[in-house]
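Spelled out from the first residue to the last, the chains are:
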Amino acid sequence: MNSSTNRYLIKNGRLIDPANKIDGEFDILIAGSKVESVGKGLKNNNAEVVDAKGKIVAPGLVDMHVHLREPGREDKETIETGTLAAIRGGITSVAAMPNLEPQAVDSAGMVKRVNDIAKAKARANVFVIGAITRNREGKELADIKGMKRHGAVAVSDDGASVQDERLLSAALKEAKKNSILVISHCDDRRISGQGVINEGFIATKLGLRGIPKSAEYEFVRRDIELAKKTGASLHIAHVSCKESCDIIRAAKRSHLAITAETAPHYFTLTEECCVTYDTNTKMNPPLRTKDDVAAIKKALADGVIDAIASDHAPHSLHDKDIEFDKAAFGIIGLETSLGLAAAELIGNKTLGWAGLIARMSSNPAKILGIKRGGLGKGATADIVIIDPDKEWIYEGASIASKSKNSPFIGWKLKGRVTEVFVNGTPHPPLSPKGRGEGEGKFLGASLCHT
Amino acid sequence: MVKWVKKDLLGLEYLSREEIELVLYTADSFKEVTTRQIKKVPALRGKTVVNLFYEPSTRTRTSFELAAKRLSCDVINIAVEASSVAKGETLIDTGRNVEALNIDIIVVRHSSSGAPYILSRAVKASVVNAGDGWHEHPTQALLDMYTLKSKLGRIEGLSVSIIGDIAHSRVARSNIWGLTKLGAKVTVCAPPTLIPIGIEKFGVRVTSDIDEAIRGADAINVLRMQFERDSMQAFPSRIEYFKQYGITEERLEKAKPGLVVMHPGPINRGVEMSSEVADGPRSVILEQVTNGIAVRMAVLYLVANAKEHLTLPSPPSGERKKVRGKETQFEQ
């Protein structure tokens, strides 16, 4: 053993490693960037000891749906600030969506460009998702093969659907040939039109154009049908409504290679939260109803939804602090994903910690086909240590992301990240000021009436 | 009577029944002012009102301007062209710049629903909604209710039908909130394509049958069909609309004898209403316009004094003299 190699021994914690079917009190020894051993009562062997008594030790979280904005819109987020925000949230790997401005990640060169910046600046692992169509315009296929060769882990036109069914079919065939995952943002523009909020009483009351749920689930149905025909692997992004859950549940029952994710705001907020025209409640797909929140939780519990991803979408204040119908869609989420999930899902017994870690680490890693999300011997030492019952307040001043567009500021969340290791190197997850522990309220699903 | 404490008037959804009644009651005393030879009181002398209009408007702006002037306010009109929005000043920036001129009330008309709400959070000045997108047009509904009350003596228990493009109408929404809070029975009537989802949750009866909407109604409020906007897609033509939903003398034959016909204006004659009805004995359309000034005076007066908790203006009888006396003092 090289004496200069970093060695850490994480002792006395509850190790949850769903990929290796482990949930119990085990120690874990890190040497360099790898896990050297996992077991009971490990000797410290010149390693620095990290006492994790009373805490959960888990594979670092994997957020498979993140917008890092670099290169192009460094005013909103950079790879450095975005991955710093990820670390704060216990996330050690992110998959970066290709919808950059002015140029989407639609070529081998752009994949390389993002990877180069990540190599120099990222605090966490960045995996690149390429576009399905050239500059995400939905007109002709992007260079899927070239992007895959340069390390893209999936393709997606996220932010929009490929509206043209024949083009999507061609993309799925090309993706299958190149063994790459297709991630679908399901939004039939013919149905959603210029909508900005879920269609229904709230939209009517506020005088805002509605987005029917069918804009989402009709394309979930269409895309699954096309995946079935082509045999491609399909992942449904940010599922927001009950009908989509039902369609995915049926597809899984017939053993199709379909996976799905949801975002924390779809199980903590409803359309009711839009009543003050707070543009931090404007997202795409839009916040839905209480029934949809219940359906999303059920789908998370029974495995119909495989993963929780933040859809971290940083926007500057001047893109958000304007009229509701003109404001940008989306919110940041890397720093609150775990805290919201722990407070809402574990607090309400939707999931146990093992189930939560699976949906936030091993499952997304498996879907993306990346060697993360597990802590067996020889695995990359990406690790998160969580104080499971610790409550904390998400404070605006503590936000690591360059953008502050979150509806959760001031909320009391649960499950505080105390240590993070990325490739065997410890990263301090807390802000210099630490996080507030004073007053604050966890509002939870549909309780954000004013 | 309840004290007015709200700095803004953003919509009738956000007012209690008592607050709505207070506006109507306050309007009563200002109505008297507008019939005097000298139609001006010094109630808000030294205050400044800015009419910040992002949509073209003649009648609402004129009404607000006159209301402010009759309260002795200084008034500035700002018509924001779509082009200058494109140049990049945000609503909040404009609001803050206007406020930096030390003004007291911003009256805002905007094509985006919720714009007054967003503005009100950014400025300390009072914000009065003069119509936002499809959301609310509270002073229009207040003047509609004031007119109804003065014609029929009450709101409670009346049957009122709102007819026309409910989906895209801020006048409809404000009227629904206001009338239902005051205990009226409200029916909305429109072609099915112009009835928005969930409208029944407002506590209204919904129908697409125009005769049903007229039958038994004490009043009908006929909305302007905005064929230049979204409604176009939803209906084949103006003529077709007039045939199926236009209010004509013939249609009104089955109506209650004392039916009151209202319209927020401007009227599309031969689209939503025939000239005979618009100019006929049931029509109170011009009274609505006149009452609009008194109602807007009341609104400006109440929001301007919200933070100062001043006593209310003269009630219709009894104490009025005293207050008038005070006003006369100020005038001299």
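Remember, it's a predicted structure, so these values are computed and weren't measured experimentally.

Digging into the overall build of chain B
Inference 1: Scanning chain B from terminus to terminus reveals 14 helices and nine strands.
Inference 2: By residue count, 59% of the 332 residues in chain B fall in the buried class.
Inference 3: The contacts of chain B with a sequence gap of at least 6 include a subset with a gap of at least 24, amounting to 73%.
Inference 4: For chain B, the exposed surface amounts to about 13,800 Å²; the carbon and sulfur share of it is 51%.

Quick word on the overall build of chain A
Inference 1: A tally of helices and strands in chain A yields 13 helices and 20 strands.
Inference 2: The globule rule puts the C-alpha radius of gyration for 450 residues at 22 Å, and the 21 Å found for chain A is close to it.
Inference 3: Based on the C-alpha atoms only, the size of chain A along its principal axes is roughly 65 × 50 × 45 Å.
Inference 4: By the burial criterion, 64% of the 450 residues in chain A qualify as buried.
Inference 5: Long-range pairs, those at least 24 residues apart, make up 76% of the contacts in chain A with a sequence separation of at least 6.
Inference 6: Counting only carbon and sulfur atoms, one obtains 48% of the accessible surface of chain A, whose full area is about 16,600 Å².
Inference 7: Where the 63 positive side-chain charges of chain A centre and where its 56 negative ones centre are 4 Å apart.

Description of the confidence of the model for chain A
Inference 1: Put simply, chain A has an average pLDDT of 94, and 94% of its residues get 70 or more.
Inference 2: For residues 431–439 of chain A, every residue scores under 50 in pLDDT, and the model assigns this stretch 20 contacts once sequence neighbours within four places are set aside.

Focus on the packing of helix α7 (residues 214–230) of chain A against helix α8 (residues 242–253) of chain A
Residues and elements named next belong to chain A.
Inference 1: Across the interface, α7 lies against α8 with an axial gap of 8 Å and an inter-helix angle of 15°. Classified by the interaxial angle, the pair formed by α7 and α8 is roughly parallel. Between α7 and α8 the crossing geometry is right-handed. Touching E216, Y217, V220, R221 and I224 of α7 are E243, S244, I247, I248 and A251, all from α8.
Inference 2: Among the residues making up the contact of α7 with α8, the classes are represented as six nonpolar, one polar and three charged.

Side note on the sheet that holds strand β4 (residues 126–132) of chain B
Residues and elements named next belong to chain B.
Inference 1: Read across the open sheet, the four strands follow the order β2-β1-β3-β4; overall the sheet is parallel. With partners counted over all chains shown, the strands left at the sheet margins are β2 (74–79) and β4, one partner each. With strand direction ignored, the average angle separating the axes of adjacent strands in the sheet is 15°.
Inference 2: Of the pairings in the sheet, the one linking strand β1 (residues 48–53) to β2 comprises six bridges and is parallel in character. Bridging from a neighbouring strand, T48 pairs with D74 of β2.
Inference 3: Where helix α2 (residues 59–70) meets the sheet, it contacts β1, β2, β3 (105–110) and β4, and its direction lies at approximately 175° from that of β1.

Side note on the nonpolar core
Inference 1: Counting residues in hydrophobic clusters, the biggest one holds 137 residues, and the most contacted among them are L142, I247 and L300 of chain B.
Inference 2: The contact partners of I247 of chain B, leaving out residues within four places of it in the chain, are I163, I210, I214, I220, V222, L252, E272, M273, S274 and V277 of chain B.
Inference 3: Judged by nonpolar contacts, the second largest core, of 79 residues, contains M110, V162, F267 and A341 of chain A.

So, the sheet that holds strand β5 (residues 159–163) of chain B
Residue and element names in this part refer to chain B.
Inference 1: Ordered by their spatial adjacency, five strands build an open sheet running β7-β6-β5-β8-β9, and the pairing between neighbours is parallel. Sheet topology places β7 (205–207) and β9 (260–262) at the edges, where each strand pairs with a single neighbour. With strand direction ignored, the average angle separating the axes of adjacent strands in the sheet is 20°.
Inference 2: Pairing of β5 with strand β6 (residues 185–189), which is carried by five bridges, proceeds in the parallel orientation. Each bridged residue has a counterpart across the sheet, and for S159 the counterpart in β6 is K185.

Section: helix α7 (residues 170–181) of chain B
Residue and element names in this part refer to chain B.
Inference 1: In this model α7 runs 17 Å from its N-terminal to its C-terminal C-alpha over twelve residues, within 8% of the 16 Å that 1.5 Å per residue would give.
Inference 2: Looking only at α7, the buried set comprises R170, V171, A172, R173, S174, N175, I176, W177, G178 and L179.
Inference 3: One side-chain oxygen at the N-terminal end of α7 lies 3.2 Å from the backbone nitrogen of V171; it belongs to S169.
Inference 4: Looking one or two places after α7, you find G183, whose phi comes out positive at around 90°.

Cut-offs used in this document
Residues numbered from 1 in each chain as written. Chains lettered and ligands numbered in written order. Predicted model: local features only at pLDDT ≥ 70, side-chain atom pairs only at ≥ 80, totals over all residues. Heavy atoms only, no water. Helix = DSSP H or I, 4+ residues; strand = E, 2+ residues; numbered from the N terminus. Buried < 20%, exposed > 50% of the residue type's maximum accessible area, 1.4 Å probe, protein only. Contact = heavy atoms within 4.5 Å. Areas by Shrake-Rupley, 256 points an atom, 1.4 Å probe, with all protein chains shown as cover. Rg over C-alpha atoms; globule rule 2.2 N^0.38 Å. Lys, Arg positive; Asp, Glu negative; His and termini not counted. Charge placed at Lys NZ, Arg CZ, Asp CG, Glu CD. pLDDT = per-residue confidence, 0-100. Axes fitted to C-alpha atoms, helices over the stretch in contact; angles between N-to-C directions. Parallel < 35°, antiparallel > 145°, perpendicular 65-115°, else oblique. Left-handed = near helix turned anticlockwise from the far one by under 90°. Nonpolar A, V, L, I, M, F, W, Y, C, P; charged D, E, K, R; others polar. Pairing = 2+ DSSP bridges. Core = buried A, V, L, I, M, F, W, Y, C linked by side-chain atoms within 4.5 Å. Expected span 1.5 Å × (residues − 1). Polar contact = N/O pair within 3.5 Å; in protein donor to acceptor, adjacent residues only side chain to side chain.

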